[in-house]
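Working through the structure, step by step
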Amino acid sequence: MASEGADEDETGTDGAHGSADPAAAARAAGPRTGESVRVDSWIWSVRLVKTRSMGATACRGGHVRVNGERVKPAYAVRVGDEVRLRHAGRERVVVVKRVIRKRVGPPVAAECYVDNSPPPPPREAVAPAGIRDRGAGRPTKRDRRELERLRGLVRPDGDTEGH
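Since this is a predicted model, take the numbers as computed values, not measurements. (Residues numbered from 1 in each chain as written. Predicted model: local features only at pLDDT ≥ 70, side-chain atom pairs only at ≥ 80, totals over all residues. Heavy atoms only, no water.)

Section: the environment of Ser 53
Just so we agree on the cut-off: Helix and strand assignments follow DSSP, with helices taken as H or I runs no shorter than four residues and strands as E runs no shorter than two, numbered in order from the N terminus.
The residue Ser 53 is located in helix α3 (residues 52-60) in this model. In this structure, the C-alpha to C-alpha distance between Ser 53 and Asp 40, residues 13 residues apart in sequence, is 7.7 Å.

This is the structure we're talking about:
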(Lines give C-alpha, C1' and ligand atoms only; values in the text may rest on other atoms or scores of the structure.)
Protein backbone atom coordinates (compact mmCIF):
# COMPACT_ATOMS: atom_id res chain seq x y z
CA MET A 1 0.00 0.00 0.00
CA ALA A 2 2.82 2.39 0.85
CA SER A 3 4.09 2.15 -2.72
CA GLU A 4 0.78 3.46 -4.08
CA GLY A 5 0.99 7.24 -4.13
CA ALA A 6 -2.76 7.75 -4.57
CA ASP A 7 -3.57 6.23 -1.19
CA GLU A 8 -1.15 8.40 0.78
CA ASP A 9 -2.10 11.79 2.20
CA GLU A 10 0.26 14.73 2.83
CA THR A 11 1.64 13.26 6.07
CA GLY A 12 2.67 10.04 4.33
CA THR A 13 0.35 7.77 6.33
CA ASP A 14 -1.56 5.07 4.63
CA GLY A 15 -5.09 6.17 3.65
CA ALA A 16 -6.77 3.13 5.20
CA HIS A 17 -5.22 3.44 8.63
CA GLY A 18 -4.10 6.99 9.41
CA SER A 19 -6.54 9.06 7.39
CA ALA A 20 -10.01 10.22 8.33
CA ASP A 21 -11.18 9.50 4.77
CA PRO A 22 -13.89 6.80 5.00
CA ALA A 23 -13.64 6.03 1.29
CA ALA A 24 -9.98 5.08 1.69
CA ALA A 25 -10.88 2.72 4.53
CA ALA A 26 -13.59 1.09 2.44
CA ARG A 27 -11.20 0.71 -0.52
CA ALA A 28 -8.66 -0.99 1.74
CA ALA A 29 -11.34 -3.31 3.16
CA GLY A 30 -12.71 -4.22 -0.26
CA PRO A 31 -11.80 -7.30 -2.27
CA ARG A 32 -9.44 -7.17 -5.24
CA THR A 33 -10.96 -6.85 -8.69
CA GLY A 34 -12.91 -9.92 -9.70
CA GLU A 35 -13.15 -11.41 -6.20
CA SER A 36 -16.36 -12.05 -4.32
CA VAL A 37 -17.24 -11.89 -0.63
CA ARG A 38 -19.14 -14.45 1.42
CA VAL A 39 -22.51 -13.27 2.71
CA ASP A 40 -21.68 -14.16 6.33
CA SER A 41 -18.48 -12.14 6.10
CA TRP A 42 -20.23 -9.19 4.45
CA ILE A 43 -23.04 -8.88 7.01
CA TRP A 44 -20.38 -8.99 9.74
CA SER A 45 -18.13 -6.43 8.05
CA VAL A 46 -20.96 -3.90 7.62
CA ARG A 47 -21.97 -4.44 11.27
CA LEU A 48 -25.37 -6.08 10.78
CA VAL A 49 -24.28 -8.87 13.16
CA LYS A 50 -21.79 -8.80 16.02
CA THR A 51 -19.59 -11.73 14.97
CA ARG A 52 -18.97 -13.60 11.76
CA SER A 53 -20.02 -16.86 13.40
CA MET A 54 -23.37 -15.25 14.25
CA GLY A 55 -23.70 -14.38 10.56
CA ALA A 56 -22.94 -17.96 9.54
CA THR A 57 -25.40 -19.31 12.11
CA ALA A 58 -28.09 -16.94 10.83
CA CYS A 59 -27.49 -18.18 7.28
CA ARG A 60 -27.67 -21.83 8.33
CA GLY A 61 -30.87 -21.13 10.25
CA GLY A 62 -32.58 -19.58 7.22
CA HIS A 63 -32.57 -16.04 8.62
CA VAL A 64 -30.61 -14.56 5.69
CA ARG A 65 -32.10 -14.18 2.24
CA VAL A 66 -30.40 -12.69 -0.81
CA ASN A 67 -32.76 -11.59 -3.58
CA GLY A 68 -35.55 -13.58 -1.93
CA GLU A 69 -33.67 -16.90 -1.68
CA ARG A 70 -32.35 -18.54 1.48
CA VAL A 71 -28.58 -18.74 1.22
CA LYS A 72 -25.72 -20.64 2.79
CA PRO A 73 -22.88 -18.75 4.53
CA ALA A 74 -20.56 -19.13 1.52
CA TYR A 75 -22.95 -17.46 -0.93
CA ALA A 76 -21.15 -14.72 -2.92
CA VAL A 77 -22.59 -11.22 -2.46
CA ARG A 78 -22.50 -8.73 -5.34
CA VAL A 79 -23.31 -5.05 -5.68
CA GLY A 80 -27.06 -4.54 -6.15
CA ASP A 81 -28.13 -7.64 -4.20
CA GLU A 82 -30.94 -7.24 -1.65
CA VAL A 83 -30.04 -8.87 1.66
CA ARG A 84 -32.77 -9.60 4.22
CA LEU A 85 -31.62 -10.49 7.72
CA ARG A 86 -33.86 -11.45 10.64
CA HIS A 87 -31.85 -10.72 13.76
CA ALA A 88 -32.62 -9.62 17.34
CA GLY A 89 -36.37 -9.60 16.83
CA ARG A 90 -36.49 -7.43 13.71
CA GLU A 91 -35.90 -7.71 9.99
CA ARG A 92 -33.18 -5.70 8.27
CA VAL A 93 -33.52 -5.12 4.52
CA VAL A 94 -30.40 -3.71 2.86
CA VAL A 95 -29.21 -3.29 -0.72
CA VAL A 96 -25.48 -3.83 -1.28
CA LYS A 97 -23.75 -0.67 -2.54
CA ARG A 98 -20.16 -1.73 -1.91
CA VAL A 99 -18.65 -5.15 -1.26
CA ILE A 100 -16.12 -5.19 1.58
CA ARG A 101 -14.23 -8.01 3.26
CA LYS A 102 -12.84 -6.47 6.46
CA ARG A 103 -14.83 -4.98 9.33
CA VAL A 104 -14.87 -1.19 9.23
CA GLY A 105 -16.16 1.59 11.46
CA PRO A 106 -19.87 2.43 11.61
CA PRO A 107 -19.71 5.54 9.37
CA VAL A 108 -17.88 3.61 6.64
CA ALA A 109 -20.12 0.56 7.06
CA ALA A 110 -23.24 2.71 6.58
CA GLU A 111 -21.91 3.78 3.17
CA CYS A 112 -21.69 0.17 1.98
CA TYR A 113 -25.43 -0.44 1.87
CA VAL A 114 -28.80 1.26 1.45
CA ASP A 115 -31.03 0.52 4.43
CA ASN A 116 -34.64 -0.19 3.37
CA SER A 117 -35.60 -1.71 6.71
CA PRO A 118 -38.95 -0.89 8.27
CA PRO A 119 -38.57 1.40 11.29
CA PRO A 120 -38.11 -0.39 14.61
CA PRO A 121 -41.24 -0.72 16.73
CA PRO A 122 -41.67 1.82 19.54
CA ARG A 123 -40.16 0.86 22.89
CA GLU A 124 -43.61 0.44 24.48
CA ALA A 125 -44.41 -2.31 21.96
CA VAL A 126 -41.09 -4.05 22.60
CA ALA A 127 -41.36 -4.01 26.42
CA PRO A 128 -42.12 -7.46 27.79
CA ALA A 129 -45.68 -7.90 28.99
CA GLY A 130 -46.38 -8.85 32.56
CA ILE A 131 -43.32 -7.71 34.47
CA ARG A 132 -44.17 -7.15 38.12
CA ASP A 133 -42.48 -4.63 40.37
CA ARG A 134 -39.83 -6.08 42.62
CA GLY A 135 -41.18 -6.59 46.14
CA ALA A 136 -44.82 -6.56 45.02
CA GLY A 137 -45.34 -9.97 46.60
CA ARG A 138 -47.01 -13.03 45.27
CA PRO A 139 -49.57 -12.35 42.52
CA THR A 140 -53.22 -12.84 43.35
CA LYS A 141 -55.43 -15.02 41.20
CA ARG A 142 -56.72 -11.88 39.50
CA ASP A 143 -53.14 -10.68 38.85
CA ARG A 144 -52.18 -14.07 37.43
CA ARG A 145 -55.14 -14.08 35.04
CA GLU A 146 -54.27 -10.55 33.91
CA LEU A 147 -50.64 -11.62 33.25
CA GLU A 148 -51.81 -14.64 31.26
CA ARG A 149 -54.13 -12.45 29.22
CA LEU A 150 -51.29 -10.01 28.45
CA ARG A 151 -48.94 -12.82 27.47
CA GLY A 152 -51.54 -14.36 25.16
CA LEU A 153 -51.88 -17.59 27.13
CA VAL A 154 -55.68 -17.37 27.36
CA ARG A 155 -57.92 -18.43 24.48
CA PRO A 156 -60.84 -16.19 23.46
CA ASP A 157 -63.29 -18.61 25.15
CA GLY A 158 -61.57 -17.92 28.48
CA ASP A 159 -59.89 -21.31 28.85
CA THR A 160 -56.12 -21.45 29.37
CA GLU A 161 -54.04 -23.23 26.72
CA GLY A 162 -52.06 -25.42 29.07
CA HIS A 163 -55.00 -26.77 31.08
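Following the structure, the description resumes.
Considerations on the nonpolar core
The condition that has to hold: In this text, buried Ala, Val, Leu, Ile, Met, Phe, Trp, Tyr and Cys residues form a nonpolar core when linked through side-chain atoms within 4.5 Å. Relative accessible area decides the class of each residue, using a 1.4 Å probe on protein chains only: under 20% of the type maximum gives buried, over 50% gives exposed, and in between gives partly exposed. Residues are treated as being in contact if the distance between any of their heavy atoms lies within 4.5 Å.
Counting residues in hydrophobic clusters, the biggest one holds 26 residues, and the most contacted among them are Val 39, Trp 42, Ile 43, Val 46, Leu 48, Val 64 and Val 83. Sorting the residues of this core by element identifies α1 (22-29), α2 (39-45), α3, β2 (64-66), β5 (82-87), β6 (90-96) and α4 (106-110) as the ones contributing at least two each. Looking at this core, the element that brings in the most residues is α2, giving 3 residues. Setting aside its immediate chain neighbours within four residues, Val 39 contacts Cys 59, Val 64, Val 66, Val 71, Lys 72, Pro 73, Tyr 75 and Val 77.

Notes on the pairing of β5
For the record, the criterion: If DSSP finds at least two bridges between two strands, the strands pair.
Note that β2 and β5 share 3 bridges and pair antiparallel. Bridging across to β5, Val 64 finds its partner in Leu 85. Looking at chain direction, β5 and β6 are connected through 6 bridges and run antiparallel. Each bridged residue has a counterpart across the sheet, and for Leu 85 the counterpart in β6 is Arg 92. Linkage of β5 to β6, two consecutive antiparallel strands, is achieved through a turn of 2 residues, within which Ala 88 is found at a positive phi near 55 degrees.

Examining the pattern of salt bridges
Inclusion rule: The working definition used for a salt bridge is a side-chain nitrogen of Lys or Arg within 4 Å of a carboxyl oxygen of Asp or Glu.
All told, the structure shown has 7 salt bridges when counted by the stated rule. Of the charged contacts in the structure, one is a salt bridge between Arg 84 and Glu 91, with a shortest N-O distance of 3.5 Å. Judged by relative accessible area, which is 29%, Arg 84 ranks as partly exposed. A salt bridge links Glu 146 to Arg 149; the shortest N-O distance between them is 2.6 Å. Taken together, the positions of Glu 146 and Arg 149, both in helix α6 (residues 141-151) and 3 residues apart, correspond to about one turn of that helix. We classify Glu 146 as partly exposed; its relative accessible area is 37%. Sharing partners across several salt bridges, the network here consists of Arg 38, Asp 40 and Arg 52.

Treat this as a map of the structure, not an account of what it does.
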